Amino acid sequence: MITTFAVAGYRSLVDLVVPLAPLTVVSGANGTGKTSLYRALRLLAAAGAGELVGAVAREGGLASALWAGPERTAGPGAQGTVRSRPVSLRLGVGSAEYGYLVELGQPQVDPARSFFLHDPEIKREQVFMGAAPRPSAVFIDRTRGAARVRDAGWRAVPQALGPGQSVLRDLDDAGTLADTLRLRTRMAEWRCYDHFRTDRAAPARQAQVGTRTRWLSDDGADLAAVWATAIERGQDGPLAGAVAEAFPGSRVEITVTHGVFELLLHQPGLLRPFSAAELSDGTLRYLLLCAALLPAEPPPLIVLNEPEGSLHAELLAPLGALIRRAAERTQVLVVTHAPTLRAALTGAAAGAGAAGSAAPGAEIELESTGWGTRVRGQGPLDGPPWNWPAR
Ligand SMILES: Nc1ncnc2c1ncn2[C@@H]1O[C@H](COP(=O)(O)OP(=O)(O)OP(=O)(O)O)[C@@H](O)[C@H]1O
Ligand SMILES: [Mg+2]
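Parameters at a glance
One numbering rule holds for all chains: residues counted from 1, following each sequence as written. Chain A is the first chain written and ligand 1 is the first ligand written, with later ones labelled in order. Under the rules for a predicted model, residues below a pLDDT of 70 receive no local features and side-chain atom pairs below 80 are neither given nor counted, while totals for whole chains, interfaces and linings still include all residues. No hydrogens and no water enter the side-chain calculation; it runs on all heavy atoms of the structure. Each helix is a run of H or I in the DSSP string that is no shorter than four residues. Each strand is a run of E no shorter than two, and both are numbered from the N terminus. Only C-alpha atoms enter the radius of gyration, while the globule expectation follows 2.2 Å times N to the 0.38, with N the number of residues. A simple rule labels every residue: compare its accessible area, found with a 1.4 Å probe on the protein chains alone, to the largest value its type can have, and call it buried under 20%, exposed over 50%, or partly exposed in between. Contacts are residue-level and defined by heavy atoms, with any inter-residue pair within 4.5 Å sufficient. Note on areas: Shrake-Rupley, 1.4 Å probe, and residue coverage restricted to the protein chains presented here. One heavy atom suffices: a residue is near a molecule or strand as soon as one of its heavy atoms comes within 4 Å of it. The definition of a polar contact used here is a pair of N or O atoms within 3.5 Å, where within protein one atom must be able to donate a hydrogen and the other to accept one, and adjacent residues in sequence count solely through side-chain atom pairs. Amino acids are sorted into nonpolar (Ala, Val, Leu, Ile, Met, Phe, Trp, Tyr, Cys and Pro), charged (Asp, Glu, Lys and Arg) and polar (every other residue, Gly among them). In this description, strands pair whenever DSSP reports at least two bridges between them.

Visitor: How should I be thinking about the overall build of the protein in this particular structure?
Guide: Within the protein one finds ten helices and 18 strands. For the protein, whose C-alpha radius of gyration is 22 Å, the value lies close to the compact-globule estimate of 21 Å for 391 residues. Each principal axis of the C-alpha atoms in the protein carries an extent, and together these give about 70 × 50 × 45 Å. Sorting the 391 residues of the protein into buried and exposed places 52% on the buried side. Long-range contacts, defined here as pairs at least 24 residues apart, represent 62% of the contacts in the protein between residues at least 6 apart. On the protein, roughly 17,400 Å² of surface is accessible, and the fraction owed to carbon and sulfur atoms is 55%.

Here it is in structure tokens:
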């Protein structure tokens with residue numbers, strides 16, 4: 001389980017260290033940094049897949065992703081101060097098992113000679129045991145092109161790492177290969193879901209060729225295949241329960257014609273089932289959330305950004321119960337600005353009957369300060385321990 005998530009220099013997240021619980025609910029007023037937190041986690045998942053540089057470049061490069069405010073905390077003279085230190089975007093994660101942190105900086109290229117001005121460079125990386133990068137826990141330490149690893153003592157790795165190469169994917173060192181593989185596989189398995197498309201041409205509305213599918217894709221195209229996988233493995237009970245709770249008397253059926261999978265919803269009072277193409281936006285989105293949260297075997301971490309979007313108010317309580325049920329099996333983080341959903345997830349009583357033994361979610365409320373986002377009520381020494389290494 002992830003216990004700590006740390007981010008610095010990313011959009012409004014100047015310097016944030018957040019404790020994560022089995023179920024964490026992130027809330028806050030508009031513009032306080034909720035979506036930034038979601039996107040920072042998604043960048044770390046991309047780092048696990050070895051795609052961090054590309055993911056930042058697609059956000060418009062470091063120039064757009066970096067904190068655009070002053071270097072020091074707001075006060076007289078903070079506006080317009082000239083930067084004295086190199087700007088960087090830092091992301092880190094700690095768990096009971098391993099932790100990882102990465103620091104990205106501006107590319108050191110001549111603008112007249114390079115096509116790749118949006119490619120950030122990896123300046124620093126550390127892999128460590130446990131929840132925080134204490135010096136004694138670090139066992140892979142990379143500074144620019146040079147990496148060293150620790151077994152009995154520190155030893156330098158002869159390989160020179162390129163500015164876009166990561167120790168997670170590219171370090172050629174037999175002694176640490178098993179650790180980096182395990183860590184990056186875990187991180188790459190995190191599933192981050194944002195707004196699902198439900199327009200007429202949305203992938204989730206089309207019948208699709210299906211194969212056994214562990215987890216729903218970002219666009220929901222494999223909804224029917226994920227559902228069928230759960231049915232075939234005898235794990236569709238929770239899915240059926242979640243559908244019946246939101247739409248009493250309704251049930252999902254999966255049909256396969258020449259390998260093409262289609263999801264149908266049988267609803268009381270209708271003579272024929274509706275296909276995904278015919279469902280309302282809210283109904284389809286709820287079914288997508290069911291498949292995202294209750295696949296046959298859950299991913300290690302599920303992150304949802306504002307899942308309440310376009311759902312009818314009546315569906316928020318069932319959605320809360322659905323999320324709490326998912327959190328009984330795996331770690332879940334939900335970013336929301338719907339008070340009803342927040343209450344359903346964090347209230348000890350709300351949803352408890354429907355969600356069985358699920359513990360209430362831990363709440364993190366973000367607030368804006370003159371110097372970016374902070375966690376409400378978290379003093380300078382309250383957050384989980386975390387120290388960024390010097391560059
Ligand atoms: N590079 C940047 N530097 C500083 N601040 C930024 C940067 N990019 C975005 N912001 C600001 O960060 C704040 C947080 O944005 P974010 O999208 O995370 O808010 P949110 O909490 O999700 O809001 P909403 O509830 O409206 O969705 C916004 O005020 C935004 O203008
Ligand atoms: Mg937002």
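Visitor: What am I meant to see in the site of ligand 1 here?
Guide: Neighbouring residues of ligand 1: 16 residues in total, closest G31, K34, S36, L66 and A68. At 2.9 Å from an oxygen atom of ligand 1 is found a side-chain nitrogen or oxygen belonging to N30. At 2.8 Å from an oxygen atom of ligand 1 is found a main-chain nitrogen or oxygen belonging to G31. For the shell around ligand 1, the leading source of residues is helix α1 (residues 34-48), giving three residues. Residue classes in the shell around ligand 1 are distributed as four nonpolar, nine polar and three charged.

Visitor: Looking at this structure, how should I read the pairing of strand β8 (residues 146-150)?
Guide: Remember that side chains alternate between the two faces of the sheet whenever the strand is regular. Alternating positions in β8 separate cleanly, A147 and V149 being buried on one face and A146, R148 and R150 remaining unburied on the opposite face. Judged from the four bridges that link them, strand β7 (residues 138-143) and β8 form a sheet pairing that is antiparallel. Residue pairing for β8: R142 is matched across the bridge by A147. Hairpin connection between β7 and β8: a loop of two residues separates the two successive antiparallel strands, and R144 in this loop has a positive phi of roughly 50°. As paired elements, β8 and strand β9 (residues 154-156) share three bridges and run antiparallel to each other. Bridging from a neighbouring strand, V149 pairs with R155 of β9. Where β8 folds back on β9, the antiparallel hairpin that results is connected by three residues.

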